[in-house]
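# Overview (structure and organization)
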There are 2 protein chains.
Amino acid sequence: MKKSFGGMVLVYTMPVWVIGTYGKDGKPNAMTAAAGMVCCRKPPCIGIGLREATYTYHNLLEKEAFTVNIPSEVYTKEADYFGMVTGRKEDKFAATGLTPVRSDLVDAPFIEEFPVLLECKLIHSMELGSHTLFIGQIEDVKAEETILGENGLPEIEKLKPFVYDIGNTLYHGIGPCLGKAYSLGKGFRI
Amino acid sequence: MKKSFGGMVLVYTMPVWVIGTYGKDGKPNAMTAAAGMVCCRKPPCIGIGLREATYTYHNLLEKEAFTVNIPSEVYTKEADYFGMVTGRKEDKFAATGLTPVRSDLVDAPFIEEFPVLLECKLIHSMELGSHTLFIGQIEDVKAEETILGENGLPEIEKLKPFVYDIGNTLYHGIGPCLGKAYSLGKGFRI
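Residues numbered from 1 in each chain as written. Chains lettered and ligands numbered in written order. Predicted model: local features only at pLDDT ≥ 70, side-chain atom pairs only at ≥ 80, totals over all residues. Heavy atoms only, no water.

## Quick word on the overall build of chain A
Helix and strand counts for chain A stand at four helices and 13 strands. Rg of the C-alpha trace for chain A: 17 Å, near the compact-globule value of 16 Å for 190 residues, within the 12% margin. Residues counted as buried form 62% of the 190 residues belonging to chain A. Excluding contacts between residues fewer than 6 apart, the proportion of contacts in chain A whose partners are at least 24 apart in sequence is 59%. A total of about 7,300 Å² of accessible surface is found on chain A, and carbon and sulfur atoms cover 48% of it. Each charge sign in chain A was given a centre, from 20 positive and 23 negative side chains, and these centres are 7 Å apart. (Helix = DSSP H or I, 4+ residues; strand = E, 2+ residues; numbered from the N terminus. Rg over C-alpha atoms; globule rule 2.2 N^0.38 Å. Buried < 20%, exposed > 50% of the residue type's maximum accessible area, 1.4 Å probe, protein only. Contact = heavy atoms within 4.5 Å. Areas by Shrake-Rupley, 256 points an atom, 1.4 Å probe, with all protein chains shown as cover. Lys, Arg positive; Asp, Glu negative; His and termini not counted. Charge placed at Lys NZ, Arg CZ, Asp CG, Glu CD.)

## Thoughts on the pattern of salt bridges
A complete count under the given rule lists twelve salt bridges over all chains for this structure. Lys142 of chain B is the partner of Glu119 of chain B in a salt bridge, and the nearest nitrogen-oxygen pair spans 2.6 Å. With Glu119 of chain B in strand β10 (residues 116-127) and Lys142 of chain B in strand β11 (residues 131-144), this pair connects stretches of sequence that are 23 residues apart. Comparing Glu119 of chain B with Lys142 of chain B shows no difference in burial state: the two are buried. Look at the salt bridges and you will find they share partners, linking Lys63, Arg102 and Asp107 of chain A into a network. (Salt bridge = Lys/Arg side-chain N within 4 Å of Asp/Glu carboxyl O.)

## Details of the pairing of strand β13 (residues 170-180) of chain A
As defined by bridge partners, strand β12 (residues 163-165) of chain A adjoins β13 of chain A across three bridges and the pair is classed as antiparallel. Bridge pairing in β13 of chain A places Tyr164 of chain A opposite Tyr171 of chain A. Linking β12 of chain A to β13 of chain A, which pair antiparallel, is a turn of four residues; within it Thr169 of chain A sits at a positive phi near 45°. When β13 of chain A meets strand β13 (residues 170-180) of chain B, the two strands line up antiparallel, connected through seven bridges. Its bridge partner being in β13 of chain B, Ile174 of chain A is matched across the sheet by Ile174 of chain B. (Pairing = 2+ DSSP bridges.)

## Considerations on the relation of the copies chain A and chain B
Once chain A is rotated about the relating axis by 180° and shifted along it by 0.0 Å, it coincides with chain B to within an RMSD of 0.0 Å. As the rotation angle and translation indicate, the two copies are arranged about a two-fold axis. Across chain A, the smallest distance between a C-alpha and the rotation axis is recorded for Gly175 of chain A, namely 2.0 Å. Most of the interface of chain A is mirrored in chain B, where 100% of its interface residues are also at the interface. (Least-squares fit on C-alpha atoms with pLDDT ≥ 70 in both.)

## Comments concerning the interface of chain A and chain B
In this assembly, 105 residues from chain A lie in contact with 105 residues from chain B. Between chain A and chain B, the buried area comes to about 9,200 Å², and carbon and sulfur atoms account for 66% of it. Of all residues in chain A, Lys2, Tyr12 and Phe188 of chain A bury the most surface against chain B, accounting for 9% of the area lost on that side. Across the chain A-chain B interface, the total number found is two salt bridges. Salt-bridge contacts for Glu144 of chain B lead to Lys2 of chain A; the nearest nitrogen and oxygen are separated by 3.1 Å. At the junction of chain A and chain B, the tally comes to 62 residue pairs in polar contact (both at pLDDT 80 or more). At eleven residues, β13 of chain A tops the list of elements feeding residues into the side of chain A that touches chain B. For the side of chain A that touches chain B, the class distribution of residues is 58 nonpolar, 25 polar and 22 charged. (Buried area = accessible area lost by both parts, 1.4 Å probe. Polar contact = N/O pair within 3.5 Å; in protein donor to acceptor, adjacent residues only side chain to side chain. Nonpolar A, V, L, I, M, F, W, Y, C, P; charged D, E, K, R; others polar.)

## What to know about the nonpolar core
Within the largest apolar cluster, 53 residues are counted, with the highest numbers of intra-cluster contacts made by Ile46, Val68 and Leu118 of chain A. Once residues lying within four places of it in the same chain are set aside, the contact partners of Val68 of chain A are Trp17, Val18, Ile19, Ile46, Val116, Leu117, Leu118 and Cys120 of chain A. Listed in part, the 51 residues of the second largest apolar core include Met14 of chain A together with Tyr57, Leu159 and Ala181 of chain B. (Core = buried A, V, L, I, M, F, W, Y, C linked by side-chain atoms within 4.5 Å.)

## Structural notes on unusual backbone geometry
Residues and elements named next belong to chain B. A cis amide bond, omega -10°, links Tyr12 with the succeeding residue Thr13. Looking along the chain, the bond that leaves Lys42 and enters Pro43 is cis, with omega of -5°. The residue Pro43 is located in the loop between β5 (36-40) and β6 (45-51) in this model. One non-glycine residue with positive phi stands out, namely Thr169, at about 45°. For Thr169, the location among the structural elements is in the loop between β12 (163-165) and β13. Judged by its relative accessible area of 21%, Thr169 is partly exposed.

## Brief notes about the pairing of strand β10 (residues 116-127) of chain A
All names here are of chain A. Both strand β7 (residues 65-70) and β10 contribute to a ladder of six bridges, which runs antiparallel. Bridge pairing in β10 places Val68 opposite Leu118. Alignment of β10 against strand β11 (residues 131-144), held across eleven bridges, turns out to be antiparallel. Among the inter-strand pairings, Lys121 is bridged to a residue of β11, identified as Gln137.

## Observations regarding the sheet that holds β12 of chain B
Strands sit in the order β2(A)-β12(A)-β13(A)-β13(B)-β12(B)-β2(B) across an open sheet of six strands; the sheet is antiparallel. Bordering the open sheet on either side are β2 (14-15) of chain A together with β2 (14-15) of chain B, each of which pairs with just one other strand.

Here you go:
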């Protein structure tokens, strides 16, 4: 038996990403967003949903650039803080001790200590209501060598990203591997 | 030291969702997508990125409706199969034994056995390149009573959704709770 919740964003899983932008005055800011997705492979695009009230919204429109910084579990507290306060009032880098580094490719800062970052140029935006959807083209992905596996790609078990449970406002880590895609399902082929 | 991968969609975490649509002929179809996100709270909106080559792409444009079905870990094989083959050639419901049920709210089928479903009406689409981004307004969310917690909301540990590691094409389960959002980060406030 299913219970109806009405029209709401009760969706699983949501990622936890920290968006890096510069303000008009060049001040680096970081804001946590869970409304994010990959939306195209060629060109490689990523989408994030932001409220106009956020500092990041205006920075992003001004600079037409942002970074997506993927924290590992050890930065759960920092990521939570980045989503709690506005960069208009607090210097979030000073508060956390994390290091903003200027990207060579886009006009946005990334977080040195986080293991994966995407450098993105704004290519589209779409106002939807409470949130505006921003689409960025991924210019480069960079990952710490310590999280790479033997095949040279990031290993999710070393990266240890985490997800957001929007209903209960809880963070959860990543669990065990359940199997290989494009393989597990072969048994059903008629 | 960070390694550069160039512009590609190496992003963590991605959800695993099964999109339900009807074909022109009324045939129900299910397709797995990992390019998906919440993109607005009011109205509640969800985005999915689809290639034109898919059956679901055309069904969605025709019916202007879809469901997002969130599988639990026990349906990893079925979800993988739904992403491996096209509904033009195989009847995916017959092959898996899962049950398509007509939504009362939108012109799309949902999967009876999956614990959470979202019934969505197409409100926007944006062609980006290899993929088109479809934005659906969430008309209703329904969840199995067996996965609800004491507060009446889904518990992610009962739902057991899983995520997709796009680099290594692996599925991973959800791990332990890391703490409460809007709370863990309080220690950093200046």
